[in-house]
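Single-letter residue listing:
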Amino acid sequence: MANILISGAGVAGSALAWWLRRQGFRPTVVERAPGLRDGGYKVDIRGAALEVIDRMGLREQVRRRDTGMRLARFVDVGGRQLATMDAQLFGGREGDDAEIMRGDLARILASATDDVEYVFGDSIATLTPTGDRVEVAFERGKRRTFDLVVGADGLHSTVRRLAFGPESAHLRPLGHHIAIFSVPAELGEEGVELMHPAPGRTVGVYRTAGAAQSRVLFLFPSPADEPDHRDVAGQQALLAEAFGGLGWQVPRLLDAMRDAPDFYLDSMSQVRMDRWSTGRIGLVGDAAYAPSPASGQGTSLGLVGAYVLAAALAEAPGDPVAGLAAYERRMRPFVSLNQQLAERNLKGMVLRSAAQIRFQTLMLRMMPHLPGRERLIRRVTEPIRKAATAITLPGPANARPPGHAGGCVERRG
Ligand SMILES: Cc1cc2nc3c(=O)[nH]c(=O)nc-3n(C[C@H](O)[C@H](O)[C@H](O)COP(=O)(O)OP(=O)(O)OC[C@H]3O[C@@H](n4cnc5c(N)ncnc54)[C@H](O)[C@@H]3O)c2cc1C
């Protein structure tokens, strides 16, 4: 039974651990953070990714944690309603597509892998291929040897840097930054996404039904000089500067960031690579092919990538190099279509001028009365649906193992 090290306990890492166990491998997950990172905003699960959730038997758990979003309400500096938008259209969702807070999904996946060894608070320091194994030195733990190492460690992947070279060679910034964190519940409205568009900047606040806190999302142009992605104080100063002087409840939202346990700020970037593996080291999820939050497909790519990788490794017993190659062949066209969604979406998420905001408001107000309304809606949802379903999952649809209802993840520091 092959020993596989996964770096990163995000959506892709935990989903991969689940599927590797299911295929008879022995995965170990190492996560740099001291515990599961449950920050993030609303994320979508659609198309092939929903099928993966089904095959894991987790659809009901995901449905129970649905965000329950009913409406998006656009507000001006005084908090007055400019326009509203139907939740499905706002999220580009249709049919059974699911929307869930990223942290809720991360927790569901971690609980479903309670039989997997998770090592928190550590990181890979070096990777040394030795014949048909990989020797791994950790920043804190003892040196260990694995049959395969998979980087599921996100946009700033350590595995990618160690095995494929500097981050700058693979990151394609889209020109905007994103920040997300928890704020007091009363700053949001249950089931309603409050959106405040300002020229070049957007603020959104949302509260899931029954949640103790609301979450805020800020989108703004990337600064010329950016603090290190782990310098939280520097990032908070950057955000305060970017949104200083804005009206509505922005000052109160910014005040709340100092106490937020889950403050997250990063560039909206894609990862583009010529190959996702070298020898017995591979990449999955954002580490290999981040589409950026603007695509709305990062979570779905992570889930599908985890499934396809585990299936490809199982189909090539004893030959992970062949498995990694087969995974990449299957995933490439799917990834490419989904990455293409980002730039177009971003244009609608951050409006450049006051004139654009006025035009959008007018369009939204007229929408219910427009004769070609259905056609307009399809123009938004169709490219997303096509990209989300542009892969046929290998293996039988009925792949759920017995007795895998989930429990509690073991945490080791
Ligand atoms: C806190 C957070 C909030 C996010 N919020 C959103 C959002 O609101 N909307 C959206 O579209 N996308 C969001 N994303 C990105 C989104 O999670 C991914 O696009 C998608 O789920 C695929 O996930 P992933 O597992 O590949 O990467 P990620 O979700 O980024 O997970 C990577 C994991 O690897 C860990 N890690 C990083 N470096 C190391 C290391 N050296 N050693 C071990 N572990 C390491 C990270 O701590 C993290 O837990 C967020 C990511 C994070 C980390």
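The shown structure was predicted, so the numbers you read here are calculated from the model rather than taken from an experiment. (Residues numbered from 1 in each chain as written. Predicted model: local features only at pLDDT ≥ 70, side-chain atom pairs only at ≥ 80, totals over all residues. Heavy atoms only, no water.)

This part takes up the sheet that holds strand S10 (residues 144-146). Spatially, the 3 strands line up as an open sheet ordered S8-S9-S10, and their pairing is antiparallel. Each edge of the open sheet is held by one strand with a lone partner, namely strand S8 (124-130) and S10. Within the sheet, the average angular offset between the axes of one strand and its neighbour, ignoring direction, is 30°. One ladder, built from 3 bridges, connects strand S9 (residues 133-138) with S10; its direction is antiparallel. Considered in S10, the bridge of Glu135 is made with Thr145. (Pairing = 2+ DSSP bridges. Helix = DSSP H or I, 4+ residues; strand = E, 2+ residues; numbered from the N terminus. Axes fitted to C-alpha atoms, helices over the stretch in contact; angles between N-to-C directions.)

In this section: helix H12 (residues 341-349). Turn by turn, an α-helix covers 3.6 residues, leaving residues three or four places apart pointing in a common direction. Taken together, the buried positions of H12 are Leu341, Ala342 and Leu346. Down the axis of H12, the buried set is contained in an arc of 120°. They therefore lie on one face. Exposed residues lying more than 90 degrees from the buried face of H12 are Glu343 and Lys347. Those residues of H12 that are buried are in contact with strand S12 (171-184), strand S16 (264-271), helix H11 (320-339) and helix H14 (373-388). (Buried < 20%, exposed > 50% of the residue type's maximum accessible area, 1.4 Å probe, protein only. Arc of directions from axis to C-beta. Contact = heavy atoms within 4.5 Å.)

Note on placement: Leu155 falls in the loop between strand S11 (148-151) and helix H6 (158-164). For the pair formed by Leu155 and Asn345, sequence separation is 190 residues and the distance between their alpha carbons is 19 Å. Those residues within four positions of Leu155 in sequence are excluded, and the remaining contacts are Arg160, Glu167, Leu171, Asp266, Ser267, Ser269, Val271, Asp286 and Ala290.

To continue, consider the pattern of salt bridges. As enumerated under the stated definition, the model contains 25 salt bridges in all. Two residues, Glu189 and Arg73, come together in a salt bridge whose shortest N-O distance is 2.9 Å. One end of the pair, Glu189, is in the loop between S12 and strand S13 (192-198); the other, Arg73, is in strand S4 (residues 71-75), and 116 residues separate them in sequence. Using a relative accessible area of 29% as the deciding quantity, one classes Glu189 as partly exposed. Arg73 gets classed as buried once you look at its relative accessible area, which sits at 19%. For the salt bridge of Asp104 with Arg107, the shortest nitrogen-to-oxygen distance reads 2.7 Å. With Asp104 and Arg107 both in helix H5 (residues 102-111) and 3 residues apart, the pair spans about one turn of that helix. (Salt bridge = Lys/Arg side-chain N within 4 Å of Asp/Glu carboxyl O.)

Here we take up the nonpolar core. Counting 80 residues, the largest nonpolar core has Ile45, Val304 and Met331 as the members making the most contacts within it. The greatest single-element share of this core, amounting to 10 residues, is contributed by helix H10 (residues 298-315). If we ignore the near neighbours within four places in the chain, the residues touching Val304 are Ala48, Ala49, Val52, Met331, Phe334, Ile391 and Leu393. By size, the runner-up hydrophobic cluster in this structure holds 26 residues, among which are Ala179, Val192, Ala198 and Val250. (Core = buried A, V, L, I, M, F, W, Y, C linked by side-chain atoms within 4.5 Å.)

Quick look at a positive patch on the surface now. A cluster of basic side chains, namely Arg344, Arg375, Arg378 and Arg379, defines a positive patch on the protein surface. Broken down by element, the positive patch gets its largest block of residues, 3 residues, from H14. Examined against the element boundaries, Arg379 turns out to sit in helix H14. (Patch = residues over 30% accessible without salt bridge, like charges linked within 9 Å, V, L, I, M, F, W, Y side chains within 5 Å. Areas by Shrake-Rupley, 256 points an atom, 1.4 Å probe, with all protein chains shown as cover. Lys, Arg positive; Asp, Glu negative; His and termini not counted. Charge placed at Lys NZ, Arg CZ, Asp CG, Glu CD.)

Strand order in the open sheet made by the 6 strands is S7-S2-S1-S11-S18-S17, with mixed pairing throughout. The open sheet has two edge strands with one neighbour each: strand S7 (117-120) and strand S17 (277-278). Here H11 sits on the sheet in contact with S11, S17 and strand S18 (281-283), set at roughly 20° to S18.

Another aspect to go through is the site of the ligand. With respect to spatial proximity, 27 residues lie near the ligand, and among them Glu31, Tyr41, Arg102, Thr158 and Asp286 are the closest. Between the ligand and Tyr41 there is a distance of 2.7 Å, counted from an oxygen atom to a backbone nitrogen or oxygen. Thr299 has a polar side-chain atom sitting 3.4 Å from an oxygen atom of the ligand. Taken by itself the ligand offers 920 Å² of open surface, and the protein chains cover 93% of this. Counting only elements with at least two residues in the shell around the ligand, the list comes to helix H1 (11-22), strand S2 (26-31) and H10. Here the shell around the ligand is built from residues that sort into 9 nonpolar, 11 polar and 7 charged. (Near = heavy atom within 4 Å. Polar contact = N/O pair within 3.5 Å; in protein donor to acceptor, adjacent residues only side chain to side chain. Nonpolar A, V, L, I, M, F, W, Y, C, P; charged D, E, K, R; others polar.)

Now for the environment of Leu50. Summarising the element assignment, Leu50 is placed in helix H2 (residues 48-55). Look at Leu50 and you get buried, because its relative accessible area is 6%. Expressed as a C-alpha distance, the spacing of Leu50 and Val29, which sit 21 residues apart in the sequence, is 24 Å. Leu50 has contacts with Ile45, Arg59, Asp96, Asp97 and Ala98, leaving out every residue within four places of it along the chain.

Per the UniProt entry, the sites bearing "domain: FAD-binding" (unreviewed entry) are residues 3-336 in this numbering. Secondary structure content for residues 3-336 is 31% helix and 31% strand, while the C-alpha to C-alpha distance between its ends is 30 Å. (UniProt positions renumbered as here; feature names shortened; annotations may be inferred.)

This next bit is on the confidence of the model for the protein chain. Low pLDDT marks regions whose predicted coordinates should not be analysed in detail. Of all residues in the protein chain, 96% attain a pLDDT of 70 or more, and the chain-wide mean is 92. Scored below 50 in pLDDT, residues 400-413 shows 31 contacts in the model against residues more than four places distant or in partner chains. (pLDDT = per-residue confidence, 0-100.)

The full count for this structure, using the stated rule, is 10 aromatic pairs. Aromatic pair Trp276 and Tyr289: ring centres 4.6 Å apart, planes at 55°, arrangement tilted. Placement of the pair is Trp276 in the loop between S16 and S17 and Tyr289 in helix H9 (residues 286-289), with a sequence separation of 13 residues. The exposure classification of Trp276 matches that of Tyr289, with both residues buried. Three or more aromatic residues joined by ring pairs make a cluster, and in this case those are Phe181, Phe218, Phe220, Phe243 and Phe263. Above the plane of the ring of Tyr206 lies Lys42, whose end atom (NZ or CZ) is 5.0 Å from the centre. (Phe/Tyr/Trp six-rings, centres within 6.5 Å; stacked < 30°, edge-to-face > 60°. Lys NZ or Arg CZ within 6 Å of the ring centre and 35° of its normal.)

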